[in-house]
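Examining the three-dimensional arrangement
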Amino acid sequence: MYEKPEVNGNHSAPSGLALLRDPALNHGTGFTEAERDKHNLRGFLPPHVHTQKEQAMRVLERLRAVNDPLEKFVALNALHDRNESLFFRVLCDNIDEMQPLVYTPTVGLACQKFGHIFQRPRGLFIGANDRGRIAQLLRNWPYQAGIIVVTDGERILGLGDLGANGMGIPVGKLSLYTACAGVHPQLCLPVTIDVGTNSAAMMQDPFYVGLRQRRLTGAAYDELLDEFITAASEVFPGVVIQFEDFANHNAFRLLKKYRDRICTFNDDIQGTAAVALSGIFSALRINGGKLTEQKLLFLGAGEAATGIADLVVAAMIAGGLAESDARQRCWAVDSRGLVVKSRTDLAEHKLPYAHDHARVGDFLSAIKALKPTAIVGVAAVGGTFTQQVLEEMARINKQPIVFALSNPTSQAECTAEEAYRWTKGRALFACGSPFDPVKYEGKTFVPRQGNNSYIFPGIGLGAITSRARSITDEMFMVAAQTLAQLVTQADLDQGSLYPALPRIREVSAHIATAVAECAYKNGLAGKPRPDDVAADVRGQMFDPNY
Ligand code: NAD
């Protein structure tokens, strides 16, 4: 074994073939003449030295010659395994094009086919049979992890239980941490807890990578998770642990159990909340409304809806409302109709939004009864913001807030075109899936995705750089405010509620600074406040250039 480089440079490089085979250090044909001499690379490489820019163009040429997104995913993965800096350079410089390939929607397909496209392992798999030796297993990881993204594979995107195949999610998400916020790749540890799967399709797939057993439940599940959390905190002191794609029945519970004990958050709940709240702030800049006067109606009452509602309530309280008044401004319709107090079938996370009201069966009737200023679609049921729904919203409001956040595109509540056409160009619209600009009566609208990647990379970077002991609601609130402040007047004029995605590293640096300031202010930081927090954050961002 040769010595691994330390984080933030200071490489004591291996030489020759070993160097070319180390993705963290390999520059391929980008090695200069001097480097070729110094590291015994002569003969292994063709003579011409390419710039990194030329190498990136070569990657893009090959990638664009392929039509199938899964094949593009495989090619990008292979690049990640070969030359990490070049991989991140390509991602950073083409984030609009690459994000849908390394993350949603392509990553969903990649998880379904995980065993079929498997080449090299990345991250750590912790199985039900590793009980009692998880700390030992974590010590096999050669770096000091700063952030772990962990899944148990039970609710992968909208695809359900994919078991250990869910590993594509932590891997993809951590690539975005590096691409969007410059979190150093060696600080990033993807983890999949393989507690089994209840999916018959996985069990029957000869290439399935996980344990062939039904999911652990109850105490056996909790004990395994607890051993993992305890071991991770011991082996990597101060590590940020982000929960990802756990099913409802574990997601809320685990977050509640661990959020005050370790530095942790759940992006499906809290990251979504911050990105949605930020979109609301931007919409209010356009229609001149006040947050405390809004009434939100959610379609769906799961992780996204509850997360958004909780943060909106926190922001309304910060704006002067009493908690009960704030909650009264958030309503939800689930698959059985309006969530109201008299219902006896409600899961615990819905109870804070079960208000006194007669039962209402469908979404349109709920809009007519409640007259919301904003509708937020997070039920993963396509086409539910119908013409009638949107016309009714436009009748009640001069400029209604319409967020169709469900993924993938086939599940979107409405298209951007429908949102603008059916509200006569008055909707303040954000989406969960990408939509092209829309021309309506001579005006071009540029809808932007309320993508969590505007938020979680900056949250993670801020927590790492300040060595935060926990991640609070206030941090998500300041992240939402910071993101909204970065939306320009030109963005708003074209109906964009978020900044352009290519500004993402700048956005993340601002969010990380705000989050870190929050940690210093509240005594949650693990180091003294540096004089220049923004410079401290930027100084720790990984630069993929060579
Ligand atoms: P979830 O499974 O936790 O919640 C889904 C909810 O929808 C449940 O409460 C369910 O009862 C309800 N539902 C199902 N069918 C319904 C119907 N016909 N009518 C009304 N309600 C119905 O899932 P989640 O994590 O909350 O995600 C929901 C959707 O939001 C997904 O499509 C996800 O991709 C999307 N999402 C988007 C973003 C984003 O754009 N930034 C972030 C997170 C989630």
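Residues numbered from 1 in each chain as written. Predicted model: local features only at pLDDT ≥ 70, side-chain atom pairs only at ≥ 80, totals over all residues. Heavy atoms only, no water.

Attention shifts here to the packing of aromatic side chains. Here the structure, examined in full by the defined rule, presents twelve aromatic pairs. Relative to F88, the ring of F87 lies with its centre 4.9 Å away and its plane at 75 degrees, an arrangement referred to as edge-to-face. According to the relative accessible area criterion, F88 is buried, its value standing at 2%. Pairing F363 with F385 gives two aromatic rings, centres 5.6 Å apart and planes at 5 degrees, and the pair type is stacked. Here F363, found in helix α17 (residues 363-370), pairs with F385, found in the loop between β9 (374-377) and α18 (387-396); they are 22 residues apart in sequence, far enough to count as distant. Overall, F385 belongs to the buried group, its relative accessible area being 1%. In textbook terms, an aromatic cluster arises when at least three aromatic residues are bridged by ring pairs, as seen for F87, F88 and F542. A cation sits over an aromatic face here: K173 above F456, 4.5 Å from the ring centre. (Phe/Tyr/Trp six-rings, centres within 6.5 Å; stacked < 30°, edge-to-face > 60°. Buried < 20%, exposed > 50% of the residue type's maximum accessible area, 1.4 Å probe, protein only. Helix = DSSP H or I, 4+ residues; strand = E, 2+ residues; numbered from the N terminus. Lys NZ or Arg CZ within 6 Å of the ring centre and 35° of its normal.)

Across the protein chain, the average pLDDT comes to 96, with 98% of residues at 70 or higher. pLDDT under 50 marks residues 1-11. Its contacts with residues more than four places away, or in other chains, come to 14 contacts. (pLDDT = per-residue confidence, 0-100. Contact = heavy atoms within 4.5 Å.)

Scanning the model with the defined rule gives two cavities of 30 Å³ or more in all. Of the pockets and cavities examined, the largest cavity occupies roughly 330 Å³. F73, N77, F114, R120 and V171 are the residues nearest the centre of the largest cavity, which is lined by 23 residues in total. Listed by contribution, the elements that provide at least two residues to the lining of the largest cavity are α4 (69-82), α6 (95-102), α8 (114-117) and α10 (168-181). Counting residues per element, the lining of the largest cavity draws most heavily on α4, which supplies seven residues. Tallied by class, the residues present in the lining of the largest cavity amount to 14 nonpolar, six polar and three charged. Put simply, the second largest cavity is a space of about 70 Å³. Lining the second largest cavity are F298, A301, A305, T306, A309, C330, W331, A332, V339, K350 and Y353. Listing elements by their share of the lining of the second largest cavity, those giving two or more residues are α15 (303-318) and β7 (330-334). Split into classes, the residues belonging to the lining of the second largest cavity amount to nine nonpolar, one polar and one charged. (1 Å grid on protein atoms, 1.4 Å probe; cavity = no way out; pocket = protein on both sides within 12 Å on 5 of 7 lines; lining within 4 Å. Points joined across faces, edges and corners; volume = space filled by probe spheres on them. Nonpolar A, V, L, I, M, F, W, Y, C, P; charged D, E, K, R; others polar.)

This part is about the sheet that holds strand β8 (residues 337-338). If you walk across this open sheet you meet the seven strands as β8-β7-β6-β9-β10-β11-β14, and the pairing is mixed. Of all strands in the sheet, those with a lone pairing partner are β8 and β14 (448-449), marking the two edges. Here strand β11 (residues 428-431) pairs with β14 via two bridges, running parallel. Residue pairing across strands places C431 opposite Q449, the latter belonging to β14. Most of the contacts of α15 go to strand β6 (residues 296-299), to which it runs at about 165 degrees, and overall it touches β6, β7 and β9. (Pairing = 2+ DSSP bridges. Axes fitted to C-alpha atoms, helices over the stretch in contact; angles between N-to-C directions.)

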